[in-house]
Amino acid sequence: MTTSSSILSTTENLPRVLIVKPPAAMAVLGDRFVASTKFEILKAFESPLPLPEFLANHSNSVSAVIAPLAAPVTADLIRLLPNLRLVVTTSAGVDHVDLFECRRRGISVANAGSSFSEDVADTAVGLLIDVFRRISAANRFVKQRFWPLKGDYPLGSKLGRKRIGIVGLGSIGSKVATRLEAFGCQISYCSRNQKPYDVPYHYYMDIEEMAANSDALIICCELNEKTVHLINKDVLSALGKQGVIVNVARGAIIDEEELVRCLREGEIGGAGLDVFEDEPNVPKELFELDNVVFSPHCSLMTLEGLEELGKLVVANNDGHRQG
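About the thresholds
- Residues numbered from 1 in each chain as written.
- Predicted model: local features only at pLDDT ≥ 70, side-chain atom pairs only at ≥ 80, totals over all residues.
- Heavy atoms only, no water.
- Helix = DSSP H or I, 4+ residues; strand = E, 2+ residues; numbered from the N terminus.
- Buried < 20%, exposed > 50% of the residue type's maximum accessible area, 1.4 Å probe, protein only.
- Lys, Arg positive; Asp, Glu negative; His and termini not counted.
- Salt bridge = Lys/Arg side-chain N within 4 Å of Asp/Glu carboxyl O.
- Contact = heavy atoms within 4.5 Å.
- Pairing = 2+ DSSP bridges.
- Axes fitted to C-alpha atoms, helices over the stretch in contact; angles between N-to-C directions.
- UniProt positions renumbered as here; feature names shortened; annotations may be inferred.
- Expected span 1.5 Å × (residues − 1).
- Core = buried A, V, L, I, M, F, W, Y, C linked by side-chain atoms within 4.5 Å.

1. Regarding the side chain of Asp318
- Structurally, Asp318 is set in helix H12 (residues 303–322).
- Summary of buried charges: Asp318 has no salt-bridge partner, and the nearest side chain of opposite charge, Lys38, is 4.5 Å away.
- Each residue touching Asp318, except ones within four places of it in the same chain, is listed here: Ser36, Lys38 and Phe39.

Set out below in structure tokens:
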């Protein structure tokens, strides 16, 4: 018998949706993030039992899993759920899901779509402005009371008319481009395929060539086997000493060790980073650099965005059940 602490509904005979670890949105919205009358939520994270033991009495009834980044859907987990039919991620990326095993088992995978594309795009532009105009560094300059002692703060750089290369012109990348058009920036992009003729931006097949012709790169692509360390030593070298890189996608898309070296040795101009290779661990060598701005993988974290995400997660589970 399932306890009341394990589910949101006590109604019998509803399909069960497993949550191994709570999505960040549940810390803000609580159970209403996944509230539905069409399925029950099974909260493994509330049980003191190891997951295999917890699932021993429930595995046959689980038809879907809600999967935040902190709870990878591995082949081992999938094998524990013989009737699993759907994985719903709370992220746009699905790199934490074993897609091969899902395909083999005929399990559908639904991501967060464009629920928070606008929020991530806003953050990308904010990080870019911050690095160019040295806003965070200037804030520290004032708070540390250096202004009366050292006088005027060093010059920043304007964003207007900069050449911006976007890596991945999907939902997020497209919204970044639209925002930067308002600043008069020259937009180019690199992606797996060239977009239809009505996309007005210059297309580069080669990312190194785009970097060489850009003042800044903004990383918006998905993480997969082809994009791991896509931004490597050669790309960073092509970007050059004045170039800025912003990453709101996944940390492993950039060779972080090489990025740290380039920033410390002045081989690129600066970075705005929302994501890192080994989160939440950030390279300590970067803490002392005023040309690097951080945020803790929170580009999607707005109340409005989380509410939209919750609606999509529920709709994906409801729709799959009806289908």
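2. So, the sheet that holds strand E8 (residues 202–203)
- Pairing within the open sheet is parallel, and its seven strands lie in the order E8-E7-E6-E9-E10-E11-E12. Strands at the two margins of the open sheet, each flanked by one partner only, are E8 and strand E12 (292–294).
- Pairing geometry for strand E7 (residues 186–190) and E8, over two bridges, is parallel. Bridge pairing in E8 places Tyr189 opposite Tyr203.
- Of the strands in this sheet, strand E6 (163–167), E7 and strand E9 (216–219) touch helix H8 (residues 171–181), which is tilted by about 170° from E6.

3. Structural notes on the UniProt feature "domain: D-isomer specific 2-hydroxyacid dehydrogenase NAD-binding" (unreviewed entry) in the protein chain
- Per the UniProt entry, the sites bearing "domain: D-isomer specific 2-hydroxyacid dehydrogenase NAD-binding" (unreviewed entry) are residues 125–299 in this numbering.
- Secondary structure within residues 125–299 divides into 31% helix and 15% strand; the distance between the first and last C-alpha atoms comes to 11 Å.

4. Thoughts on the sheet that holds strand E5 (residues 108–110)
- Here five strands make up an open sheet; going across it, the order is E2-E1-E3-E4-E5 and the pairing parallel. Only two strands of the sheet have a single neighbouring strand rather than two, namely strand E2 (40–43) and E5. With strand direction ignored, the average angle separating the axes of adjacent strands in the sheet is 25°.
- As judged from the four bridges shared by strand E3 (residues 62–67) and strand E4 (residues 86–89), these two strands associate in the parallel manner. Its bridge partner being in E4, Ala64 is matched across the sheet by Leu86.

5. What to know about unusual backbone geometry
- The omega torsion of the bond from Glu279 to Pro280 falls at 5°, within 30 degrees of zero and hence cis.
- Counting through the fold element by element, Pro280 comes out in the loop between strand E11 (270–273) and E12.
- Phi is positive for Arg161, which is not a glycine, with a value near 70°.
- Note that Arg161 resides in the loop between helix H7 (147–150) and E6.
- On the basis of relative accessible area, Arg161 is assigned to the exposed category, the value being 56%.

6. Some words on the UniProt feature "domain: D-isomer specific 2-hydroxyacid dehydrogenase catalytic" (unreviewed entry) in the protein chain
- The sites that carry the UniProt feature "domain: D-isomer specific 2-hydroxyacid dehydrogenase catalytic" (unreviewed entry) are, in the present numbering, residues 53–317.
- Taken end to end, residues 53–317 comprises 35% helix and 15% strand; its first and last C-alpha atoms sit 25 Å apart.

7. Topic: helix H5 (residues 117–133)
- Taking 1.5 Å as the rise per residue, H5 with 17 residues should run 24 Å; its terminal C-alpha atoms sit 24 Å apart, in good agreement.
- A large share of H5 lies buried, amounting to twelve of its 17 residues.
- When H5 is considered as a whole, its buried residues turn out to be Ser117, Asp119, Val120, Ala121, Thr123, Ala124, Val125, Leu127, Leu128, Asp130, Val131 and Phe132.
- Looking at the residues trailing H5, positive phi occurs at Arg134, about 60°.

8. A short note on the nonpolar core
- In this structure, Leu128, Ile164, Ile166, Val176, Leu180 and Ile218 are the most contacted members of the largest nonpolar core, which totals 49 residues.
- Ignoring sequence-local partners within four residues, the contact set of Ile164 consists of Leu128, Leu159, Leu180, Cys185, Gln186, Ile187, Ser188, Ser214, Ala216 and Ile218.
- Ile245, Ile268, Leu273 and Leu289 belong to the second largest nonpolar core, which has 30 residues in total.

9. Quick look at the pattern of salt bridges
- Evaluation of the coordinates by the stated rule reveals 14 salt bridges.
- The residue Glu40 makes a salt bridge to Arg16 at a minimum N-O spacing of 3.1 Å. Placement of Glu40 in strand E2 and of Arg16 in strand E1 (residues 16–19) is noted, with a sequence separation of 24 residues between them.
- Take Glu40: its relative accessible area is 2%, and that puts it in the buried class.
- Through salt bridges that share partners, Glu258, Arg261, Glu265 and Glu267 make up one connected network.

10. Considerations on the side chain of Ser117
- For Ser117, the location among the structural elements is in helix H5.
- Judged by its relative accessible area of 1%, Ser117 falls in the buried class.
- Excluding residues within four positions of it along the chain, Ser117 makes contact with Ser171, Ile172 and Lys175.

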